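Single-letter residue listing:
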Amino acid sequence: MRYIPPTTPPIERFLRLTRINAGGCWDWLGSHSNGYGQFILQGRPKIRIAPYRFIWEWINGSMPDGYEPDHTCNNHSCVNPQHIEPVTRSENQRRAYQRGRTRSKRPRPTCCPHGHDYTPENTHINPQGAITCKACNRARWLAYQASKRA
């Protein structure tokens, strides 16, 4: 790859580091860390930003407070702004779980400790990414309500 001087405008440097693939994703050709791209916005002091966040904010303005970008194409190297959607942290965690993108190396459980299946209708994922069974939560709540009445 050819050296791009830091005096080149950021958007021009960004576009030189992307390639459009057949699926419509814009592949990031620059550096990566943990599967996600890194873009150096400014040289001194060095300011790094995720390239998908850079292009999304370049086109749409800043990301709304309390929201984070989600790759709707499930490709972390994609920087196509049409494939990025601002969502809440809990929604991003829920989608990651549904797509099989969890940080844990263990296989995803298919049922809760009490035997209820983890289906989208019966599963709650909290903002930290923990999975809970809605049927068990409801049973605990009903037991708690009954103990208060007694």
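Shown above is the structure to which this text applies.
Residues numbered from 1 in each chain as written. Predicted model: local features only at pLDDT ≥ 70, side-chain atom pairs only at ≥ 80, totals over all residues. Heavy atoms only, no water.

Draft legend 1. Structural context of the overall build of the protein chain. Of the regular secondary structure elements, the protein chain holds four helices and 10 strands. Ordering the α and β elements of the protein chain from the N terminus gives α-β-β-β-β-β-β-α-β-β-α-β-β-α. Scaling as 2.2 N^0.38, a compact globule of 150 residues should have a C-alpha radius of gyration of about 15 Å, whereas the protein chain reaches 21 Å, well beyond that. C-alpha extents for the protein chain along the principal axes are approximately 75 × 30 × 25 Å. Across the protein chain, contacts joining residues at least 24 apart in sequence account for 36% of those joining residues at least 6 apart. When the accessible surface of the protein chain is split by element, carbon and sulfur atoms take 53% of a total near 10100 Å². (Helix = DSSP H or I, 4+ residues; strand = E, 2+ residues; numbered from the N terminus. Rg over C-alpha atoms; globule rule 2.2 N^0.38 Å. Contact = heavy atoms within 4.5 Å. Areas by Shrake-Rupley, 256 points an atom, 1.4 Å probe, with all protein chains shown as cover.)

Draft legend 2. Inspection of unusual backbone geometry at higher detail. A positive phi is found at Asn74, a non-glycine position, where the angle reads about 65°. On the secondary structure map, Asn74 appears in the loop between strand 7 (67-71) and strand 8 (84-88).

Draft legend 3. Just the packing of aromatic side chains, in detail. Following the criterion strictly, the structure yields eight aromatic pairs and no others. When the centroid spacing of 5.7 Å and the interplanar angle of 40° are considered together, the rings of Phe54 and Trp58 count as tilted. Here Phe54 and its partner Trp58 are both found in helix 2 (residues 51-60), four residues apart, which amounts to about one turn of the helix. Following the ring pairs from residue to residue traces out a cluster consisting of Phe14, Trp28, Phe39, Phe54 and Trp58. (Phe/Tyr/Trp six-rings, centres within 6.5 Å; stacked < 30°, edge-to-face > 60°.)

Draft legend 4. Summary view of a nonpolar patch on the surface. A grouping of Trp141, Leu142 and Tyr144 is seen on the molecular surface, where their side chains present a nonpolar patch of about 330 Å² in accessible area. Along the chain, Tyr144 falls in helix 4 (residues 134-149). (Patch = residues over 30% accessible without salt bridge, like charges linked within 9 Å, V, L, I, M, F, W, Y side chains within 5 Å. Salt bridge = Lys/Arg side-chain N within 4 Å of Asp/Glu carboxyl O.)

Draft legend 5. Highlighting the state of the cysteines. Inspection of every chain in the model, using the stated rule, returns zero disulfides. The thiol of Cys111 is unpaired, and the distance to the nearest cysteine sulfur, on Cys112, comes to 6.5 Å. Cysteine Cys136 shares no disulfide, and the gap to the nearest cysteine sulfur, in Cys112, comes to 3.6 Å. Taking relative accessible area as the criterion, Cys136 reaches 9% and is therefore assigned buried. (Disulfide = S-S within 2.5 Å. Buried < 20%, exposed > 50% of the residue type's maximum accessible area, 1.4 Å probe, protein only.)

Shape descriptors only; they carry no functional weight alone.
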